[in-house]
Every structure is written in C-alpha cells, then in structure tokens.
Amino acid sequence: MKKQLKWIMMTVAVIGLSATLAGCKSESKTAKADANQTIKVGTGNDALPYAYLDENGEYDGYDVAVVKAIAEKLPEYTFVFEGADFPTTLSNLESDKVTMAAYEYEMNDERKEKFVYGDVGYVTWDTYIVYDADKKEPYQTFEDLKGKKVYVTTATNQAAMAENYLKEHPNAFTLVYGEYNNEQIVQALTSGAVDATLAPKYQVDNYNRTFDTNLKIGDQPVHNSDAYLLFNKKTDPAFIKKVNTALAELKKEGTLKTLSEKYLKGDYVSK
C-alpha cells in the first residue's frame, strides 16, 4: 500500500511539474509575441506643429497624427511614442531604443548608411532661406549670406546642406547650431542674434501666424526634398512593407491632405 501511495504521489508531482513547465513555456511565447507587436516610435516633444505634447501631456502634431493613422490600418501592432529632441531621436533609432522615427526626416547620404527609409514621402520639405523682412535685407541664395550668421538645428538636413556649401566656400558664413524651439528661432531672427535660418515655407507661415512676425523666404528653394519615416536597420522588412503600404493608402485616400490642412494649415503633402 505504501509503495502504491508513493507511486501515486510521484505521478502527481510529475504531472504538476509538466503543467508548470508547459505554463512557463506558453507564458514566455505569449510575452515574446506581445513584445513583437509593440512598436516604439521616436518623435519630438516640443516641435510644433509636427510633434509635441498637448495640454494633457499627450503626443500630437502632424507626424504623430500620420503614425496614428497608420496604426489604425495595422491593428496587429501597438505604436508607442518616445519623445526627444531631433538629434536624440536619431541616436535612439540608431541604438535600437526605438524601431522607427517620425520627425520630418529628409534623405541624406549619412542617414542612408545608418537607417532604412520608408518609400513614401508624407510631406514636402523644400528648404528656403528665411529672414526677417523688417530688416529689409532679403536673402535668395547661399551666396547672399556672405558674412552672415545662420541658425541651423543640430543634425538636420538643413545643417548638412549648409555644411556642404561651406566645404566648397570656406568661411562664407557662420553657422549657429542649437536645438531651438519655434519661439527661440523666431527670437533669434527678430533680435538679430542670427541673420537667417533654413526652413520650409509652411514652417515660416506657422512662425508668422503664431508670433505675429514678418518673416520671409527667398523666391526659390535652395533644396528640394520630402520627409520620410525612418527605420532601424534591424527592423523586420515585412513590417516596413506594411507601413509603406498603409502610408501609400493614406495618401491616395486623402487622409494625409486632411491632416496637413489641420496641422500645417495647407496641403503640403508630397505629390
């Protein structure tokens, strides 16, 4: 009888252990699947009107709204925003702290080496020279900036294009680097701390509406470009393809135009 009881107890123990191991295995598999469905998106937290925190501490802005629209088409993924300044967002993407980034990123050779670009441009980013018209000194080209101080946000395409010009024309003008918010950029221009900056037309329109300024742009852009989503190089190509497809649909359906008109006050969607 004791021998039989011992056998029953051993059998129960083995069954219990098997169930425990099975439960651990199932839990681990589920956790991994859940983790794979969560996509961390790097974006801005103080970059009106593209990416910022609203009065409730929630992410908002054109780039954020575009990602949210993509998320609606891809319910199998959960998109979580990680806010930072422009260069830090790039660093976070490179170090795999975020999977993708939406922060008005244009194409340049350095980024092409480090990241994967999306296929669909979601906003036009033609760059103009920006200046305070009240100072009555218009700037049309880089040549017009000789001897001037030009503000550029660190790690942007605008900084890169100005740097490239200076490589061929050393000391033509002085670059002032920073991570200024919109108000600080406007203050720098109107106070004379800098003579000019580089930005797309709709950004200048936003400056003038928000701060009641008289900033102007040159007649022609100094660079033509679009903004794209960026992905870490380790990102699953199948996921990138899904995002590209969703974004292309949003453009075709007119959703991007609607979002552009809401946040940028006009249709600035890439054609």
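In this text, all values refer to a predicted model and were calculated from it rather than measured experimentally.

A. Inspection of the side chain of N232 at higher detail. Relative to the elements of secondary structure, N232 occurs in strand β14 (residues 226-232). In this structure the side chain of N232 is engaged in a polar contact, spanning 2.6 Å, whose partner is the backbone oxygen of L93. Sequence-distant contacts of N232, defined by excluding residues within four places in its chain, comprise L93, E94, D96, V98, T99 and V116.

B. Highlighting the environment of E249. Its place among the elements puts E249 in helix α8 (residues 237-253). Residues E249 and K73, spaced 176 residues apart in sequence, show a C-alpha to C-alpha distance of 9.3 Å. A polar contact of 3.2 Å, which involves the side chain of E249, links it to the side chain of K73.

C. Region of interest: helix α9 (residues 255-263). Taken together, the buried positions of α9 are L256, L259, S260 and Y263. Taken end-on, α9 shows its buried residues confined to a sector of 100 degrees, consistent with a single buried face. In α9, the exposed positions angled more than 90 degrees off the buried face are occupied by T258 and K262. Those residues of α9 hidden inside the fold are in contact with β3 (51-53), β4 (59-60), α2 (62-73) and α8. The positive-phi residue at the C-terminal boundary of α9 is K265, with phi of around 65 degrees.

D. Focus on the confidence of the model for the protein. Here the protein averages 88 in pLDDT, while 87% of its residues score no lower than 70. Per-residue pLDDT stays below 50 along residues 1-35; that stretch engages in 0 contacts with residues further than four places along the chain or on separate chains.

E. The sheet that holds strand β2 (residues 46-47), seen in detail. Read from one edge of the open sheet, 3 strands run β2-β3-β4, paired in antiparallel fashion. Either end of the sheet is taken by a strand with one partner, and the two such strands are β2 and β4. Here β2 runs beside β3; their pairing, made up of 2 bridges, is antiparallel. Counted as the bridge partner of D46 is Y52 from β3.

F. Just the packing of helix α6 (residues 182-191) against helix α7 (residues 201-211), in detail. For the pair α6 and α7, interaxial distance at closest approach is 11 Å and the crossing angle is 85 degrees. Between α6 and α7, the crossing angle belongs to the class labelled roughly perpendicular. For the pair α6 and α7, the contacting residues are N182, E183, I185 and V186 in the first and Q203, N206, Y207 and F211 in the second. Residues of the contact of α6 with α7, tallied by class, amount to 4 nonpolar, 3 polar and 1 charged.

G. How the structure looks around the packing of α2 against α9. Following both chains from N to C, one finds α2 and α9 inclined at 150 degrees, their axes separated by 10 Å at the closest point. When the axis of α2 is compared with that of α9, the two are roughly antiparallel. In this structure, the crossing between α2 and α9 has a hand that is right-handed. The residues of α9 that touch α2, namely those facing Y62, A65, V66 and A69, are T255, L256, L259, S260 and Y263.

H. Quick look at unusual backbone geometry. The amide bond that connects L48 to the next residue, P49, takes the cis arrangement and shows omega of 0 degrees. Its place among the elements puts P49 in the loop between β2 and β3. The phi dihedral of E104 falls on the positive side, at around 55 degrees, and the residue is not glycine. With respect to the secondary-structure elements, E104 resides in strand β6 (residues 100-105). Despite not being glycine, N171 shows a phi value in the positive range, around 65 degrees. If you trace the backbone, N171 turns up in the loop between α5 (157-168) and β11 (174-178). Of the residues examined, N171 reaches a relative accessible area of 76% and is grouped as exposed.

About the thresholds
- Residues numbered from 1 in each chain as written.
- Predicted model: local features only at pLDDT ≥ 70, side-chain atom pairs only at ≥ 80, totals over all residues.
- Heavy atoms only, no water.
- Helix = DSSP H or I, 4+ residues; strand = E, 2+ residues; numbered from the N terminus.
- Polar contact = N/O pair within 3.5 Å; in protein donor to acceptor, adjacent residues only side chain to side chain.
- Contact = heavy atoms within 4.5 Å.
- Buried < 20%, exposed > 50% of the residue type's maximum accessible area, 1.4 Å probe, protein only.
- Arc of directions from axis to C-beta.
- pLDDT = per-residue confidence, 0-100.
- Pairing = 2+ DSSP bridges.
- Axes fitted to C-alpha atoms, helices over the stretch in contact; angles between N-to-C directions.
- Parallel < 35°, antiparallel > 145°, perpendicular 65-115°, else oblique.
- Nonpolar A, V, L, I, M, F, W, Y, C, P; charged D, E, K, R; others polar.
- Left-handed = near helix turned anticlockwise from the far one by under 90°.

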